[in-house]
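Residues per chain are reported as follows:
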Amino acid sequence: MEITNVSEYEAIAKEKLPKMVYDYYASGAEDQWSLKENRNAFSRILFRPRILIDVTKIDMTTTVLGYKISMPIMVAPTAMQKMAHPDGEYATARAASAAGTIMTLSSWATSSVEEVASTGPGIRFFQLYVYKDRNVVEQLVRRAERAGFKAIALTVDTPRLGRREADIKNRFTLPPHLTLKNFEGLNLGKMDKSNDSGLASYVAGQIDRSLSWKDVKWLQTITTMPILVKGVMTAEDTRLAIQSGAAGIIVSNHGARQLDYVQATISCLEEVVKAAQGRVPVFLDGGVRRGTDVFKAMALGASGIFIGRPVVFSLAAEGELGVRKVLQMLREEFELTMALSGCRSLSEITRNHIVTENDGPRTVSRL
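How each quantity is defined
- Residues numbered from 1 in each chain as written.
- Predicted model: local features only at pLDDT ≥ 70, side-chain atom pairs only at ≥ 80, totals over all residues.
- Heavy atoms only, no water.
- UniProt positions renumbered as here; feature names shortened; annotations may be inferred.
- Helix = DSSP H or I, 4+ residues; strand = E, 2+ residues; numbered from the N terminus.
- Rg over C-alpha atoms; globule rule 2.2 N^0.38 Å.
- Buried < 20%, exposed > 50% of the residue type's maximum accessible area, 1.4 Å probe, protein only.
- Contact = heavy atoms within 4.5 Å.
- Areas by Shrake-Rupley, 256 points an atom, 1.4 Å probe, with all protein chains shown as cover.
- Lys, Arg positive; Asp, Glu negative; His and termini not counted.
- Charge placed at Lys NZ, Arg CZ, Asp CG, Glu CD.
- Pairing = 2+ DSSP bridges.
- Right-handed = clockwise from strand over helix to strand, strands pointing away.
- Phe/Tyr/Trp six-rings, centres within 6.5 Å; stacked < 30°, edge-to-face > 60°.
- Lys NZ or Arg CZ within 6 Å of the ring centre and 35° of its normal.
- Axes fitted to C-alpha atoms, helices over the stretch in contact; angles between N-to-C directions.
- Parallel < 35°, antiparallel > 145°, perpendicular 65-115°, else oblique.
- Nonpolar A, V, L, I, M, F, W, Y, C, P; charged D, E, K, R; others polar.
- Polar contact = N/O pair within 3.5 Å; in protein donor to acceptor, adjacent residues only side chain to side chain.
- Core = buried A, V, L, I, M, F, W, Y, C linked by side-chain atoms within 4.5 Å.

For the chain, the name recorded in an unreviewed UniProt entry is (S)-2-hydroxy-acid oxidase, with Acorus calamus as its organism. A UniProt comment under Catalytic activity (unreviewed entry) is attached to the chain, and it reads "glycolate + O2 = glyoxylate + H2O2". Its UniProt record gives the chain a comment under Sequence similarities (unreviewed entry), which states: "Belongs to the FMN-dependent alpha-hydroxy acid dehydrogenase family."

See below:
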């Protein structure tokens, strides 16, 4: 069967993967309202395309923290990718590199920072959870830096793990042949079986609930890598992140896996962009499944977007080739959206190219 869009990979992954693994990747928190809303909110943003513009040449290139990439579509950190496919993070790293874009490696990867670096050249960011033992954090950050990673994406929305009922029912735990590779030598690589979600128990035991803005400042004292704060959803926290020295912000609700009934990320993007006032780039994570979604995020002021689930689902379906195809499909759809909207470069995508529910009636300027 010819796969024609990114969403079709989910059904294939569901057939191929063990139930515990598919449920872990696919599910959201509690009622999963925000999970659905992350997608639905995009469908309420409509286009105002401009016509009769020469769109023979379209340039999608951009720079992120000074690194040139082929398109504003990047790979979000997703944990334990070897549950999806034996090549796991290796395949994702190679696919992102081939697409000329950035991969973010999860702290909870089933391949280490060194292993991912060994797959060849590529621009890679490292997602960080802050462990109670700060020596562990320091070691990990130094290893990522030595392995050539270019930035840290600090996840700030997980002082405790959200309640994911599928994981509780399945008593989710990492399959026995896998470990959290970055922590293997530190006796933190194994996840014990538990009466509910093994991951929730692991987080309760290891991740620091006291994480605060002073820790964002502390991180800057142990690394020269710029820090992106991942999990910001409000103007207030945007201003605090910038005051604390963040180099950028990732608007994220953790794939709707933490607090349920939060807004979709596309719905709070504009608030964050306005509060940032251009001082740092703002990125969007969550719910992107189409090139049209990418355009909508850019029109609302994002500097780029990250995709998570489409990567693990395509990885499960077709390994590295699947991830390459997902990145290629989104690229082609985004390029088409730009052409049909009359935009030849990312700088030509403006707020006037879309209309949202909150927009009042337009006053049209007379020529």
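Mind showing me how you'd approach the overall build of the chain here?
Of regular secondary structure, the chain possesses 13 helices and 12 strands. For the chain, the C-alpha radius of gyration of 20 Å lies close to 21 Å, the compact-globule estimate for 367 residues. Principal axes of the C-alpha set define a box for the chain whose edges measure 70 × 50 × 40 Å. Counting over 367 residues, the chain shows a buried share of 56%. Here the analysis covers contacts within the chain between residues at least 6 apart in sequence; of these, 72% occur between residues at least 24 apart. Just so you have it, the chain exposes about 15,900 Å², and 51% of that area is on carbon and sulfur atoms. One way to put it: in the chain the 46 positive side-chain charges average out to a point 2 Å from where the 40 negative ones average out.

What is the right way to look at the pairing of strand β6 (residues 124-128) in this model?
Regular strands place their side chains on alternate faces of the sheet. Within β6, 5 of the 5 residues are buried, which leaves it mostly tucked inside the rest of the structure. With 3 bridges joining them, strand β5 (residues 103-105) and β6 adopt parallel strand pairing. When the bridges of β6 are listed, L105 appears paired with F126. In the sheet, β6 pairs with strand β7 (residues 151-155) via 4 bridges, with the strands oriented parallel. Of the residues in β7, the one forming a bridge with Q127 is A153. Considered for its hand, the β-α-β crossover made up of β6, helix α6 (residues 134-146) and β7 is right-handed.

Looking at this structure, how should I read helix α12 (residues 291-299)?
Because each turn of an α-helix spans 3.6 residues, side chains separated by three or four positions end up pointing in the same direction. Burial analysis of α12 places 8 of its 9 residues in the buried class, which makes it a mostly covered element. Looking at α12, one finds that the buried residues are G291, D293, V294, F295, K296, A297, M298 and A299. Taken from the residues just after α12, G301 is the one with a positive phi, measuring 105°.

Explanation requested: the environment of A29 in the structure shown.
Mapped onto the secondary structure, A29 falls in the loop between α2 (19-26) and α3 (33-43). Each C-alpha atom, one on A29 and one on D260, is 5.6 Å from the other, the two residues being 231 residues apart in sequence. Once residues within four sequence positions are removed from consideration, A29 is found in contact with R163, A256, R257, Q258 and D260.

Could you clarify how one ought to interpret the packing of aromatic side chains in this entry?
In this description, an aromatic ring pair is defined by two values, namely the gap between the centres and the angle between the planes. Under the counting rule described, the total for this entry stands at 9 aromatic pairs. Counting every residue linked through ring pairs, the aromatic cluster contains Y24, Y25 and F172. The ring of Y24 carries the charged tip of R257 above its face, separated from the ring centre by 4.7 Å. Cation over ring: K296 sits above F47, and NZ or CZ is 5.3 Å from the ring centre.

It is not clear to me how the packing of α2 against helix α13 (residues 309-341) should be interpreted in this structure. Could you clarify?
Two quantities define a packed helix pair, namely the angle between the helix axes and the distance between the axes. At a minimum axis separation of 10 Å, α2 and α13 run at an interaxial angle of 155°. Here α2 is positioned roughly antiparallel relative to α13, judged by the angle of their axes. Contact residues: Y22, Y25 and A26 in α2; R309, V312 and F313 in α13. Grouping the amino acids of the contact of α2 with α13 by side-chain chemistry returns 5 nonpolar, no polar and 1 charged.

I tried to follow the side chain of Q258 on my own but got confused; where do I start?
Along the polypeptide, Q258 turns up in the loop between β9 (248-251) and α11 (265-276). Polar contacts involving the side chain of Q258 include one to the main-chain carbonyl oxygen of D157, which spans 3.0 Å. One polar contact links the side chain of Q258 to the main-chain amide nitrogen of G162, over a distance of 2.6 Å. In contact with Q258, not counting residues within four places along its chain, are A29, D157, T158, R160, L161, G162, R163, R164 and N253.

Honestly, the UniProt feature "active site" (unreviewed entry) in the chain in this entry has me stumped. Any pointers?
The sites that UniProt annotates as "active site" (unreviewed entry) are H254. Residue placement: H254 occurs in the loop between β9 and α11. Judged by relative accessible area, H254 falls into the buried class, the value being 11%. Once residues within four sequence positions are removed from consideration, H254 is found in contact with Y129, T155, D157, T158 and R164. A polar contact is formed between the side chain of H254 and the side chain of Y129, at a distance of 3.4 Å.

What is the right way to look at the nonpolar core in this model?
When a protein is soluble and globular, its nonpolar side chains tend to lie buried together. Residues W108, L128, I266 and F334 are the most contacted members of the largest nonpolar core, which totals 106 residues. The element contributing the most residues to this core is α13, with 13 residues. When neighbours within four sequence positions are excluded, F334 is seen to be in contact with M60, P72, I73, G291, V294, F295, M298, L346 and I349. Core analysis: the next-biggest nonpolar cluster, separate from the first, contains 13 residues, I102, I123, I250 and F306 among them.

Whenever I open this one, helix α4 (residues 88-98) confuses me. Can you help?
When α4 is considered as a whole, its buried residues turn out to be G88, E89, A91, T92, A93, A95 and A96. The secondary structure elements touched by the buried residues of α4 are β4 (73-75), β5, α5 (113-117), β6 and α13. Two residues or fewer after α4 comes G100, characterised by a positive phi angle close to 70°.

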